[in-house]
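Reading the structure
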Amino acid sequence: MSVLDDIIAGVREDLEARRALLGDDEIASLAAAAPAARDAFAALGGVRDGDPGAERDTRLRVISEVKRKSPSKGALADIPEPSELARQYEEGGASVISVLTEQRRFGGSLEDFDAVRAAVELPLLRKDFTVEAYQIHEARAHGADLVLLIVAALSDGQLAEFLALTRDLGMEALVEAHTEEEIDRAVAVGARIIGVNVRNLKTLEVDRGTFARLADRIPADAVIVAESGVRGVEDAVGFAAKGADAILVGEALVIDNSPQQAIASFVAQGSAAKPARARA
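Cut-offs used in this document
Residues numbered from 1 in each chain as written. Predicted model: local features only at pLDDT ≥ 70, side-chain atom pairs only at ≥ 80, totals over all residues. Heavy atoms only, no water. Axes fitted to C-alpha atoms, helices over the stretch in contact; angles between N-to-C directions. Helix = DSSP H or I, 4+ residues; strand = E, 2+ residues; numbered from the N terminus. Left-handed = near helix turned anticlockwise from the far one by under 90°. Contact = heavy atoms within 4.5 Å. Nonpolar A, V, L, I, M, F, W, Y, C, P; charged D, E, K, R; others polar. Phe/Tyr/Trp six-rings, centres within 6.5 Å; stacked < 30°, edge-to-face > 60°. Buried < 20%, exposed > 50% of the residue type's maximum accessible area, 1.4 Å probe, protein only. Lys NZ or Arg CZ within 6 Å of the ring centre and 35° of its normal. Salt bridge = Lys/Arg side-chain N within 4 Å of Asp/Glu carboxyl O.

As named in an unreviewed UniProt entry, the chain is Indole-3-glycerol phosphate synthase, taken from Zhihengliuella salsuginis.

1. Examining the packing of helix α10 (residues 233-241) against helix α12 (residues 259-273)
Where α10 contacts α12, the two axes come as close as 8 Å, and the packing angle between them is 35 degrees. Crossing handedness for the pair α10 and α12: right-handed. Across the interface between the two elements, Val 233, Ala 236, Val 237, Ala 240 and Ala 241 of α10 pack against Ser 265, Phe 266, Gln 269, Gly 270 and Ala 273 of α12. Considered class by class, the residues forming the contact of α10 with α12 number seven nonpolar, three polar and no charged.

2. Notes on the packing of aromatic side chains
Counted under the stated rule, the structure contains two aromatic pairs. Relative to Phe 129, the ring of Phe 106 has its centre 5.9 Å away and its plane inclined at 35 degrees; by these criteria the two rings are tilted. Here Phe 129 lies in the loop between β5 (124-127) and α6 (133-141) and Phe 106 lies in the loop between β4 (96-100) and α5 (110-119), a separation of 23 residues in the sequence. Judged on exposure class, the residue Phe 106 and its partner Phe 129 are both buried. Taking 5.4 Å as the distance between ring centres and 65 degrees as the angle between the ring planes, the aromatic pair formed by Phe 211 and Phe 239 counts as edge-to-face. Of the two residues, Phe 211 is situated in helix α9 (residues 209-215) and Phe 239 in helix α10; the sequence distance between them amounts to 28 residues. Across the pair, exposure class does not vary: Phe 211 and Phe 239 are buried alike. Lying over the aromatic face of Phe 41, Arg 192 brings its terminal NZ or CZ to 5.9 Å of the ring centre.

3. Quick notes on the pattern of salt bridges
A side chain with one charge may pair with a side chain of the opposite charge, provided their charged atoms come close. Evaluation of the coordinates by the stated rule reveals 28 salt bridges. Residue Arg 12 is joined to Glu 132 by a salt bridge in which the shortest nitrogen-to-oxygen separation is 3.5 Å. On the criterion of sequence distance, the pair formed by Arg 12 in helix α1 (residues 3-21) and Glu 132 in the loop between β5 and α6 is long-range, its members being 120 residues apart. Given the relative accessible area of 35%, Arg 12 is considered partly exposed. Across the pair Glu 180 and Arg 217 runs a salt bridge, and its minimum N-O distance is 3.6 Å. Separated by 37 residues along the polypeptide, Glu 180 in helix α8 (residues 180-188) and Arg 217 in the loop between α9 and β9 (223-227) bring together distant segments of the chain. The exposure class of Arg 217 is partly exposed, given its relative accessible area of 34%. Each of the salt bridges in this network shares a partner with another, and the network as a whole consists of Arg 12, Glu 16, Arg 19, Asp 24 and Glu 132.

Now the structure itself:
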């Protein structure tokens, strides 16, 4: 069993425990009644058809993550107040905040998500391993604006179904890929925000060169996100120079004594390195 398979097995068990307390119809009703989602696509620099301007700006966006631990590194940070960390991210110039809600391997929770949602106005990504529609309704019910869909964890049918449901609920999906074939599958279902994860979730190995090899396969009208592997400004600049519109950073920020300053540096120096990219 791969690391990804093991994580998903635990996710399914935890999901069934939550479903026993709040059924599918109830969670769907809460999702429908939630305030409108914030525009995560625009926050990440996306330009829709009909919007003015043929080119995006060259500002590098940062998705800053509230992350307590990881399968590869173990415990990262205590984070007694997720809301305070989120405020620091917002003050530093983050465009989106990601909150881990997977509990077994990442130490996350929906309680962490709720605390962050109450503290900031930025779009929020519910970072989890989505394997059922229930989780998408659940994310919206808790105020998420963006959900994660991992291509390696889903069939083509599930990917298309979950992406459609996400949009029906007013949210966006960060569709994550790690191989050429997964990029092509993400493009085929019409993903607008595509993440290239340089960490192989089946082995947890990191190869930062993966981003440059895959980014050119992504259409120019999609937002390209570099995921994992950002240790500092040098990596942020490197991903930006290779075409990243945004970077997703967790570990480097939660262990930094001044995450605001770190984010500001990522944005300033990454933006300077980022080439203009015309829309398709």
